[in-house]
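Residue-level structural notes
Chain by chain, the residues:
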Amino acid sequence: MPINPVKDDKGEELVIFVKFPKRRLYLKVWEINVGRVKLYLLDSDIEKNNAEDRDVTLRLYGGDQEMRIRQEIVLGQAGVDLLTKYLKLEPTVYHMNEGHSAFLNLEIIKNIIKEKQVSFEVAKDIASSKTVFTTHTPVPAGNDIFPLPLVEKYFKDFWPRLGLSREDFLRLGMKPGIDLDEGFNMGILALKIAGKKNGVSKLHGAVSRELFGEVWPNIAANESPIEYVTNGIHTCSWLAPKLKELYNKYLIPYWQDNIHHDHIWEKIKNIPDEKLWNVHVDQKVKLLKLVKDSTSERLRRSGYSYEEISEIISKLDPQALTIGFARRFATYKRATLIFKDLERITQILNNSERPVQIIFAGKAHPADKEGQDLIKYIHEVSMMPQFKGKIFILENYNIAMSRYLISGVDVWLNNPRRPMEASGTSGQKASVNGVINFSILDGWWAEGYTQTNGWTIGNNSEYDSYEAQDMADSQSMYRTLEEKVIPTYYAKDRNGISKKWLELMKNSIITTGGKYSTARMLVDYTNNLYVPLCNLTKKYYGDLDNVAGYNSWKKDLFMNWKDIKINQVNNLDNITIDAGNQIEVACEVELPNINVENVTVEVYYGKILENGVVENVSITPMKLEDQDEEKKKYYFTSKIELTTGGNYGYTFRVMPKHEMLLEPANLDLVKWITK
Ligand SMILES: *Cc1c(COP(=O)(O)O)cnc(C)c1O
């Protein structure tokens, strides 16, 4: 295997360690070259460790919480130690994916304190300027929450090294203002320290801002400092080789270097329909062979007769519209939603003129009984007389199997409980292979759907109960299948090709090939998160005096913030103006002990609906028009545009501003106008 032990200066195998209570945990270091990227693995299974500790890196999931905290100490603390102390790398930016690695913040802070002899607060600011945190799921299991005694056990010798009390340390993993009896949340630790934070689709960014709103109690939840970078797939790893050959012929040479540029995908239009269709059918035949083999084997193991098995697998039909559903069987993904109305789906699948078959694949978490029951239920349904040979389920879903599915079915079904799907990358794998998405407007599809590249299920409604949501979504699914998906697929000409279907396939590839690639994703991470942090480090954070100055500025600001006063100047209540016009608004801000350079004064306005909800909120920075330095009074104005008719409301607020402040909302300071 292309993996080697890392050697130290003396040519010996490198072994590093982290401190555990009353002992050290030793870790052997392995290196893998992934292209030009080095991947390091930490391995506790060496003789220097006791039997229990040897298992720390044995498996990712399955241990108890103590195993989990040990693993996260290895990842976060030993990880930083390896990079900085042993490999002598100086990462400008650390990127945490989920909170599992969030202890790295503490290790970075500890190292800065030790090396530069600065306070915890100053070291924390520097750590913030070096860290990005990405949250990947709105499901609670995405964030480990450790009981405080466990944190105490592993960190009580550590917090003095940060210069923190027990309470201040434990509060790093908690929302502000709560009692000290909740657990230590790794996601919150990451959110509090990371300079930049993001979700993994536009919708998931919004969901995460609400979900974690309490981390910044003074800031409106929808303005939490969490942005988004939509996930993408490694296109060339997921594109079927035969399709890649076809794309090579019709796209520009070396298109692989330009994947994220939308325009290169336009040329997909030039592929003759028959050519694209023939490659697709080949993929489908390959998939159906896999389904046959896998189903025969599984049913044989369960004692079905040769005749029964033959009858089932002989019905698989490469001409039939084939729907695929494959993912982890987490319950929020609602694998069995399509069986909500068995009568109706029976009708849909069994139309002899326009047959439909469904292929499921999935895996449930070993501890997820409900997920396992879903698989059992699908098997049972597939054995009902009306569904035999129409519904198939493949066991042991993995990447290899996924390749067959995402390129071999006609339609990729995804029906998660909105808005629980953070991104859902399998649909992106399907679409670049010309497989049409048929999905809830959740995760990436909420932004990827263009009305001409696939179909949606349900709408953006919120529901009072899961039952109501399941009912509405399943009805929508049946209707779209009956009225759109099936008729479009079967609108075949005498060559067996549906022009409308091919158009969808091409639109699907063209509209998603670039935007939902890892190439585009990495450009976004680089431009929007990594480079801004690098620039800040280069410009300011590399110099301790700057950081110390910024830190005392923050202290002053926190002390004096309460004294800010905003006064309205001209009263525009109850005036009437025509839509499309601009009005000028003004306010006076009193800033005792705060430099006017260090605030942004904003007008916050929107349309007020009958129910009191404010719609289409705009937040516009105002212009400093005049000032009275002696009285510390500043006069700000702004023009606001009322684009449509109706009732508008506006108000003013002050937000902090500093060139070293990564996001204004990070400080959790905002001052609204008070009467
Ligand atoms: C892509 C992929 C996933 C992720 O799929 P989702 O759409 O996010 O559910 C899971 N498992 C395998 C094997 C995959 O290839």
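Everything that follows concerns the structure shown earlier in this document.
Residues numbered from 1 in each chain as written. Predicted model: local features only at pLDDT ≥ 70, side-chain atom pairs only at ≥ 80, totals over all residues. Heavy atoms only, no water.

1. Focus on the overall build of the protein
Across its full length, the protein carries 21 helices and 24 strands. The C-alpha atoms of the protein give a radius of gyration of 29 Å, which matches the 26 Å a tight globule of 675 residues would have. Across the 675 residues in the protein, those meeting the buried criterion constitute 51%. Put simply, of all contacts in the protein between residues at least 6 apart along the chain, 70% involve residues at least 24 apart. On the protein, roughly 32500 Å² of surface is accessible, and the fraction owed to carbon and sulfur atoms is 49%. Here the protein holds 87 positive side-chain charges and 90 negative ones, and the gap between their average locations is 5 Å. (Helix = DSSP H or I, 4+ residues; strand = E, 2+ residues; numbered from the N terminus. Rg over C-alpha atoms; globule rule 2.2 N^0.38 Å. Buried < 20%, exposed > 50% of the residue type's maximum accessible area, 1.4 Å probe, protein only. Contact = heavy atoms within 4.5 Å. Areas by Shrake-Rupley, 256 points an atom, 1.4 Å probe, with all protein chains shown as cover. Lys, Arg positive; Asp, Glu negative; His and termini not counted. Charge placed at Lys NZ, Arg CZ, Asp CG, Glu CD.)

2. Quick notes on the site of the ligand
Contacts to the ligand come from W238, R327, K333, Y397, N398, I399, S402, G424, T425, S426 and K429. In this structure, an oxygen atom belonging to the ligand sits 2.6 Å away from a side-chain N or O atom of K429. Relative to its unbound accessible surface of 390 Å², the ligand loses 80% to contact with the protein. Elements that contribute at least two residues to the shell around the ligand include exactly helix 15 (399-408) and helix 16 (426-432). When its residues are assigned to classes, the shell around the ligand shows 3 nonpolar, 5 polar and 3 charged. (Near = heavy atom within 4 Å. Polar contact = N/O pair within 3.5 Å; in protein donor to acceptor, adjacent residues only side chain to side chain. Nonpolar A, V, L, I, M, F, W, Y, C, P; charged D, E, K, R; others polar.)

3. Concerning unusual backbone geometry
Looking along the chain, the bond that leaves R418 and enters P419 is cis, with omega of 0°. Along the chain, P419 falls in the loop between strand 14 (411-414) and helix 16. A positive phi is found at N616, a non-glycine position, where the angle reads about 45°. Among the secondary structure elements, N616 is positioned in strand 20 (residues 614-621). On the accessibility criterion, N616 (61% relative accessible area) is exposed.

4. A word on the pairing of strand 5 (residues 94-97)
Of the two faces of strand 5, only the one carrying Y94 and M96 is buried; H95 and N97 on the other face are not. Here 4 bridges tie strand 5 to strand 6 (residues 131-134), and the two strands are oriented parallel to one another. In the sheet register, N97 faces strand 6, and the bridge partner there is T134. (Pairing = 2+ DSSP bridges.)

5. Some points on the pattern of salt bridges
Taken as a whole and judged by the stated rule, the model has 41 salt bridges. With its nearest N and O atoms 3.4 Å apart, the salt bridge here joins R70 to E66. One end of the pair is R70 and the other is E66, both in helix 2 (residues 65-86) and 4 residues apart, which spans about a single turn. Given the relative accessible area of 6%, R70 is considered buried. The partner of K269 in a salt bridge is E266, and the shortest N-O contact between them spans 3.0 Å. The exposure class assigned to E266 is partly exposed, which follows from its relative accessible area of 39%. Taken together, the salt bridges that share partners define one network made up of E52, E66, R70 and K153. (Salt bridge = Lys/Arg side-chain N within 4 Å of Asp/Glu carboxyl O.)

6. Topic: the packing of aromatic side chains
On inspection of all chains with the given rule, the structure shows 28 aromatic pairs. Geometrically, the ring pair formed by F169 and F184 is stacked, given 6.0 Å between the ring centres and 15° between the ring planes. Taken as a pair, F169 in helix 6 (residues 166-171) and F184 in strand 8 (residues 184-185) lie far apart in primary sequence, 15 residues in all. One exposure class covers both F169 and F184, and it is buried. Relative to F360, the ring of F339 has its centre 5.8 Å away and its plane inclined at 45°; by these criteria the two rings are tilted. Within this pair, whereas F339 is found in the loop between strand 11 (321-328) and helix 13 (342-349), its partner F360 is found in strand 12 (residues 356-363), the two being separated by 21 residues in sequence. (Phe/Tyr/Trp six-rings, centres within 6.5 Å; stacked < 30°, edge-to-face > 60°.)

7. Some details on helix 14 (residues 369-382)
The end-to-end C-alpha distance of helix 14 is 20 Å, a good match for the 20 Å that 14 residues give at a rise of 1.5 Å each. The inward-facing, buried residues of helix 14 contact helix 13, strand 12 and strand 13 (391-394). (Expected span 1.5 Å × (residues − 1).)

8. A few points about the nonpolar core
Formed by 106 residues in total, the largest nonpolar core has its most connected members in F103, F155, F169 and F184. Once you skip the residues sitting within four places of it in the chain, F169 turns out to touch L106, V151, F155, F158, W159, L162, L164 and F184. Ranked by size, the runner-up nonpolar core spans 84 residues in total, among them W238, V381, Y397 and L502. (Core = buried A, V, L, I, M, F, W, Y, C linked by side-chain atoms within 4.5 Å.)

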